[in-house]
Structures are given as structure tokens and as C-alpha cells.
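# Summary of structural features
These are the residues of each chain, in order.
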Amino acid sequence: MDDPLRVGWEEWVALPDLGLPALKVKVDTGARTSALHALDIEPFGPATKPKVRFAVQPIPERPDLVIACSAPVLDRRDVTSSNGETEMRYVVQTKLTLGDQTWPIELTLTNRENMAYRMLLGRQALGDAVTVAPGERFCQPQLNYDVYHSRYVRESAPARALRIAVLSREDNYSTRRFVEEGEAKGHVIEVIDTTRCYMAINASSPEVYYDGARLPRYDAVIPRIGASITPYGTAVVRQFETLGTYCVNGSDGISSSRDKLKAHQILAGYRIGMPTTAFAASPKDTGNLIGLVGTAPLVVKLLESTQGRGVVLAETKKAAESVITAFRGLRANFLVQDFVKEAAGEDIRCLVLGGKVVASMKRTGAAGDFRSNLHLGGSASPVRLKKAEREAAIRAAKAFRLGLAGVDLLRSAEGPKVLEVNSSPGLEGIEKASDKNIAGMLIEHIMQRVKPTPVRKRKA
Ligand code: ADP
């Protein structure tokens, strides 16, 4: 520090690394260490690189304004406070801005409520270059809590280490990529087996438990709910939503997009192009059902179908009737759909992230198969989307309010026709076909979404 700074017993400071642009502090030369009053102090991350997360309410009169912070842990140490209590505290290093100078300080974190000052600035942080004038206040320029009401608080928010859960039962390419990209950006990514989560459902404290313990507060959840566990999986996601955790895909969007009937109704409601589709429960309606969709060839799909396994092409009306009779005999739910011939065994997968198409690929079915699913031997290649296709994909993801969605569409003579919206799109095929780092983009998206939002001012 060049010039000695003069400080009074009360000053304004900023902790830029923690995203705290204005804090009123008490300068306490009686104390050696500096302390920040924080809530929900929780260690996380690997033992070799421990981190701590905590929440700060920078404005004492506005407990509704909570800034989430995280910092690397320097140490854990016994600290005796002015009231004589000794407490084991996390020590973090962070930058302090006071007046026109910024320097690193050590800060202990403590959860003591009803403190008039959110921070005490001790001797060690002030060092020798600061002159303390104990009888004075605000020797340095005063800051204002108004920054927390402005966009500045969001735009200047530092990239903090996040704790992210991937809800998945599988150790597959996509899960591994989320972990890899998240860790590369300094975050902690935990893969949680959805079916091992259990919940206490009550009004006062919704929680999620796992292996006998309460799960920590995650900054974000990436749901990868398999089709076979949709009801339970979405209940777990809903619980995280109740806790206020940012979920990349919401429980409602996951369950509605999974339910083929509901999904078609929603897409139709948003006037998104799709193949003419009909559904009935009574066996008497077979003829009329076929009539509704048009003429053969028709596609008959089991509602539970995934990866193209329950999708049948009926070339003639007779064939359609037999397939329908067979499905009915099995008491299976199905829908009948106009066959989009022009698509010629090809469909387009658009990956929509945060309302934008970030990658796309064309999938071509194995020779002789009208289904283009990669699981059935189809192959993927890059594709340039037309404007109408891009728009249909974006609108389809938006209809289900999905942050990350795979939208499948067919190229028909009348323009794009959306087949389905997938809330757990696989990354392997599309990252390879498009040569894009989708997992990395998803982590960036989360980092944007969990930034603090400016709070409204209260009317005086
Ligand atoms: P799943 O959910 O089991 O993958 P889809 O509805 O996506 O079922 O159908 C699987 C594949 O069959 C699609 O990717 C597409 O190539 C083909 N297909 C499905 N519906 C039609 C249709 N109406 N017209 C032409 N091809 C279709």
C-alpha cells in the first residue's frame, strides 16, 4: 500500500471476491482477526481442495437480501469472540476494498445473529499501513446499499465455486461430461442416485435425504430422470424446487414432456407443427381413429416407447388395424400418427439450452428402417437448420419450460414437425456430431442462472 489509509471506527468496505460490493463494518482494533457474519456455513468439495459455502445478508435491516458466497478454506481455527465464547471457525482468504485500496485479508466466518455490523475488521487485516482514528467515523468514502438493488450486483458477481448435483442413476457419457466440465470450471459436481433420495414432506422444512443424511443445499440440480422412474424422479426434483434450488429442468416440464399424449396436447396448444396424431381408449373406435389421421401408411406408437422400440409403421389400413388390435389386446396405450414420408428415415435433433439452439444433428436410420434412433443403428451427421426449424425447437422447449431439451423434428413438405421433446437428451451423439462442448455450455448456463438478482427496494 502506498499511502497510509486513515480509518475511523465505522467504515464502508467491499469484498469483491465474494460478490459483496458494499458492507458497513466496525473497525475493532481489540480483535486480531476479522469476522464476517454468515449463515448456512457449509464445507464442500474434495479434502485436498476444501471450500466453504455460506450466505451473507449484507443489509442488516433487509434479511430478505441474501447473497450466496463460496471461498477456498485456508484453515479452521478456534476463535474467542468479545463475549468470551470460543468457537471453531472456517478461515477464508478474500480481497478487501477500503477507500481506493484493495488487498487480501483473512476472514473468519461466524453465524451469530443480531449483530449490528455484518463484519468486524480486526488488527491483522488492517496491518501497519492503516492508521486508525478511534474517535472518528467514515474517514473513507461512503458506499451505499443501493448497489444491491441495481443490476451491478448481478453483473459484477464473481464466478463462485458452485455445488451442483446431477440426479442420475447411470454412470454414462453425459453424466461423466457434466462432472468433467463442472470440475474444470472449479465447481463441485456430485452424482446422486435419484432413487436413493428420500424425502420428508412437510410444510416447515422440506428436505431431501440420502444414505441417512440430509443432502446439502445445492446451487443447482441437473435432473437426468430415466423414463422408468419418472413419477419418483420428478417428485425428487419437485422437492429441490420447493427448497428454492435452481433445477435446469423443472419437474412439470419433465413429466409433461414424458407423457406423449400430454406432450402432444401441449405442443398443439402452442401451435407447434407436429404430425397429425390421434388417440382413443375404446376398441370400437379403430376405424374412426385411422380416419382422423388420414390414410395409410400410418405410424402406431406405444406411449411408453423410448429409443424407437415401440414405434411401428403400418403400410396399409389393414396392417394398421392389426397392429392396433394387437396393442389393444396387450392393454397397451398407444397413439396413431400420420407417417411423414418425406422425412425418409431421417430426423433432426436440436439441442436447446437456455432458449437457444446450441447444437443440432441429423440422424439417419439404418438401411431400410424408417426410425432414425441412434440406439437402433442410426447414424448422426451435422446439419444446418432452417430458420423455421430453429424456431420450432425453441418454442417446443419453451412450451415445457425446459432449460435443456432435445427436440426431435421431422422435415416435412409443410415445414418442421416436432415429434418429441426430451428432457434428458444424451450428449454423446450430439457432442460428437456437432463438435461442441455442450456439457461446458450447460455449466456456463447454470453459472449465469445462479447469479444474484437485484432486490426490489421497499417503499418507505
Ligand atoms: P421414441 O420416443 O421411441 O424414440 P419417436 O416418436 O421419436 O419414438 O419415433 C422414433 C423414430 O421413428 C423417429 O426418430 C423417426 O425417425 C421415426 N418416426 C416417428 N414418427 C414418425 C412419423 N410420424 N413419420 C415418420 N417417421 C416417424
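That block above? That's the structure.
Residues numbered from 1 in each chain as written. Predicted model: local features only at pLDDT ≥ 70, side-chain atom pairs only at ≥ 80, totals over all residues. Heavy atoms only, no water.

Moving on, we come to the overall build of the chain. Along its length, the chain carries eleven helices and 27 strands. C-alpha extents for the chain along the principal axes are approximately 95 × 50 × 45 Å. In the chain, buried positions account for 50% of the 460 residues. The long-range fraction of contacts in the chain, counting pairs at least 24 apart against all pairs at least 6 apart in sequence, stands at 65%. (Helix = DSSP H or I, 4+ residues; strand = E, 2+ residues; numbered from the N terminus. Buried < 20%, exposed > 50% of the residue type's maximum accessible area, 1.4 Å probe, protein only. Contact = heavy atoms within 4.5 Å.)

Here we come to the packing of aromatic side chains. When we look at a pair of aromatic rings, we describe it by the centre distance and by the angle of the planes. By the definition in use, this model includes six aromatic pairs. Here the aromatic rings of F327 and F334 are separated by 6.0 Å at their centres, their planes lie at 55°, and the arrangement is tilted. Accessibility classification places F327 together with F334 in one group, the buried group. Sitting over the face of the ring of F44, R53 holds its NZ or CZ atom 5.6 Å from the ring centroid. If you follow R76 out to its NZ or CZ, it ends over the ring of Y90, 4.4 Å from the centre. (Phe/Tyr/Trp six-rings, centres within 6.5 Å; stacked < 30°, edge-to-face > 60°. Lys NZ or Arg CZ within 6 Å of the ring centre and 35° of its normal.)

Quick look at the site of the ligand now. Around the ligand, a shell composed of 21 residues is seen, among which K301, S305, G308, D347 and S372 lie nearest. Here an oxygen atom of the ligand and a side-chain polar atom of E420 are 2.9 Å apart. Contact with the protein chains hides 98% of the accessible area of the ligand, taken as 540 Å² for the molecule alone. Every element with two or more residues in the shell around the ligand is listed here: β20 (298–302), β22 (334–338) and β27 (415–422). When the residues that make up the shell around the ligand are grouped by side-chain class, the tally is eight nonpolar, seven polar and six charged. (Near = heavy atom within 4 Å. Polar contact = N/O pair within 3.5 Å; in protein donor to acceptor, adjacent residues only side chain to side chain. Areas by Shrake-Rupley, 256 points an atom, 1.4 Å probe, with all protein chains shown as cover. Nonpolar A, V, L, I, M, F, W, Y, C, P; charged D, E, K, R; others polar.)

By size, the foremost hydrophobic cluster in this structure holds 40 residues, and its most contacted members are L20, L36, F54, M119 and L121. Ranked by residues supplied to this core, first place goes to strand β3 (residues 20–27) with five residues. In this view, L121 contacts V13, V25, K26, V27, D28, S34, L96, L98, I105 and L126; residues no more than four positions away in its chain are not counted. Among the nonpolar cores identified, the runner-up in size contains 27 residues, and L162, V358, I438 and I443 belong to it. (Core = buried A, V, L, I, M, F, W, Y, C linked by side-chain atoms within 4.5 Å.)

Moving on to the pattern of salt bridges. Per the stated rule, a full pass over the model turns up 35 salt bridges. The salt bridge partner of R62 is D64, with a shortest N-O separation of 2.7 Å. Between R363 and D347 there is a salt bridge, with the nearest N and O atoms lying 3.0 Å from each other. One end of the pair, R363, is in strand β24 (residues 356–364); the other, D347, is in strand β23 (residues 346–353), with 16 residues separating them in the sequence. Accessibility expressed as a relative area gives 8% for R363, which makes it buried. With a relative accessible area of 8%, D347 lands in the buried category. Here the residues in one salt-bridge network are E42, R53, R160, R163, E190 and D219, joined through shared partners. (Salt bridge = Lys/Arg side-chain N within 4 Å of Asp/Glu carboxyl O.)

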